[in-house]
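Summary of structural features
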Amino acid sequence: MPASKPCIDYFMHYEGNIIRPPSEANSILLQVTVGCSRNKCTFCGTYRGERFRIKPHEIVMADIAFAAEYCRRQRRVFLCDGDALIIPQERLLNILIQIENRLPWVTRVGAYANVKSLRMKSLDELKTLKAHGLGIVYLGMETGDDQTLKNIHKGTTGAEMILAGRKALAAGFKLSITVLLGIAGRERSHIHARETGRVLSEIDPDYVGALSLMLIPGTPLHADYEAGRFPLLTPDELLEELKIMIAHTNLSKGLFHANHASNYLPIKARMPRDKESTLQLIDEALSGRITLKPEWLRAL
Ligand code: SF4
């Protein structure tokens, strides 16, 4: 195969569901773990039933060797699955060093992180990972509201999110945070919006991505919905929640995006510059002057 040909998934070793952030669509997807070390969030069906494990060293090295030969046009690597940062320091560092040595054209490595994995590594260890190419971490925050975090079994609090997010930034990583519209249900919707805005502001990440909750059959949250214990918000309620969240989010320079396929109104805001115009845009959508994305186009 000529070196210019893009990486084809089935030539590398993959197990189970391979999930990556939308911004890593063109990255070399190097699966270093299988599943997620937490795997308890009530809304998440991604790795349900999958036992978390770190992939054998020789498989990861074989994949890097494959990429060295056939993925020369891809400038980024994304370490899959759910929480690659949980890999013990020495082993993770070794993977990054191999990427540095074998794929010298790669300019950035990314990975999902969570509060636990950021807490388990010292700031110096994180800085060492940064020095060896890990340039961005993606943190699934979902909400800053402690009660909702408890309800969805996220296993963390807003205060811990703030510590973890700030630590990632102090290590020099770019930080991208995902929040979930609709995850608090109806009663706590506005609290979720305000608390999420507050926690985001205290972290001040580089990117925020707001997704709209989509229920996955087989998850506890879906069962709650079926049993009438959890309501799905209407499109207008989701927009109202987004509006309150943005109103309470103060970022010094970050991007706030709500342009995922799951969302009814695509939003791309550079904060703080676009904050007011974005709030106006949402108001226009709420008043019916802007048409929302039809249901059948969501998540396509
Ligand atoms: S939401 Fe993230 S942390 Fe929670 S189970 Fe899913 S992959 Fe794991």
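Located above this text is the structure these notes cover.
Summary of the structure given here. (Residues numbered from 1 in each chain as written. Predicted model: local features only at pLDDT ≥ 70, side-chain atom pairs only at ≥ 80, totals over all residues. Heavy atoms only, no water.)

Digging into the packing of helix 9 (residues 235-247) against helix 10 (residues 275-286)
With their axes 10 Å apart at the nearest point, helix 9 and helix 10 run at an angle of 165° to one another. Classified by the angle their axes make, helix 9 and helix 10 are roughly antiparallel. Crossing hand, helix 9 versus helix 10: left-handed. Residues Asp236, Leu239, Glu240, Leu242, Lys243, Ile246 and Ala247 of helix 9 touch helix 10, and the partners they reach there are Lys275, Thr278, Leu279, Ile282, Asp283, Ala285 and Leu286. (Axes fitted to C-alpha atoms, helices over the stretch in contact; angles between N-to-C directions. Helix = DSSP H or I, 4+ residues; strand = E, 2+ residues; numbered from the N terminus. Parallel < 35°, antiparallel > 145°, perpendicular 65-115°, else oblique. Left-handed = near helix turned anticlockwise from the far one by under 90°. Contact = heavy atoms within 4.5 Å.)

Brief notes about the nonpolar core
With 71 residues, the main nonpolar core has Leu30, Leu79, Ile95, Ile99, Leu103, Leu242 and Phe256 as its most contacted residues. Of all the elements, helix 1 (residues 57-70) adds the most residues to this core, at seven residues. Of all hydrophobic cores here, the second largest spans nine residues; its members include Cys41, Ile152, Leu213 and Phe230. (Core = buried A, V, L, I, M, F, W, Y, C linked by side-chain atoms within 4.5 Å. Buried < 20%, exposed > 50% of the residue type's maximum accessible area, 1.4 Å probe, protein only.)

A closer look at the sheet that holds strand 10 (residues 268-270)
Overall, mixed pairing links the eight strands, which are arranged 1-4-5-6-7-8-9-10 in an open sheet. Both edges of this open sheet fall to strand 1 (28-31) and strand 10, since each of them pairs with a single strand only. Across the sheet, the axes of successive neighbouring strands diverge by a mean angle of 20°, strand direction being ignored. Bridge analysis of strand 6 (residues 134-142) against strand 7 (residues 174-181) gives six bridges, and the strand direction is parallel. Each residue of the ladder has a partner; that of Val137, found in strand 7, is Leu175. (Pairing = 2+ DSSP bridges.)

Description of the packing of aromatic side chains
Overall, the coordinates contain five aromatic pairs when judged by the stated rule. Centroid distance Phe11 to Phe66: 5.8 Å. Interplanar angle 45°. Geometry classified as tilted. Note that Phe11 is positioned in the segment before strand 1 and Phe66 in helix 1, a separation of 55 residues in sequence. An aromatic cluster of at least three residues, connected via ring pairs, comprises Phe11, Phe66 and Tyr70. (Phe/Tyr/Trp six-rings, centres within 6.5 Å; stacked < 30°, edge-to-face > 60°.)

Observations concerning helix 7 (residues 189-203)
With 15 residues, helix 7 ought to run about 21 Å at 1.5 Å a step, and its terminal C-alpha atoms sit 21 Å apart, in line with that. All of the buried residues in helix 7 are Ser189, His192, Ala193, Thr196, Gly197, Val199, Leu200 and Ile203. Of the surrounding secondary structure, the elements contacted by the buried residues of helix 7 are strand 6, helix 6 (158-170), strand 7, strand 8 (207-212), helix 9 and strand 9 (255-257). Following helix 7 by one or two positions, Asp204 adopts a phi angle in the positive range, close to 60°. (Expected span 1.5 Å × (residues − 1).)

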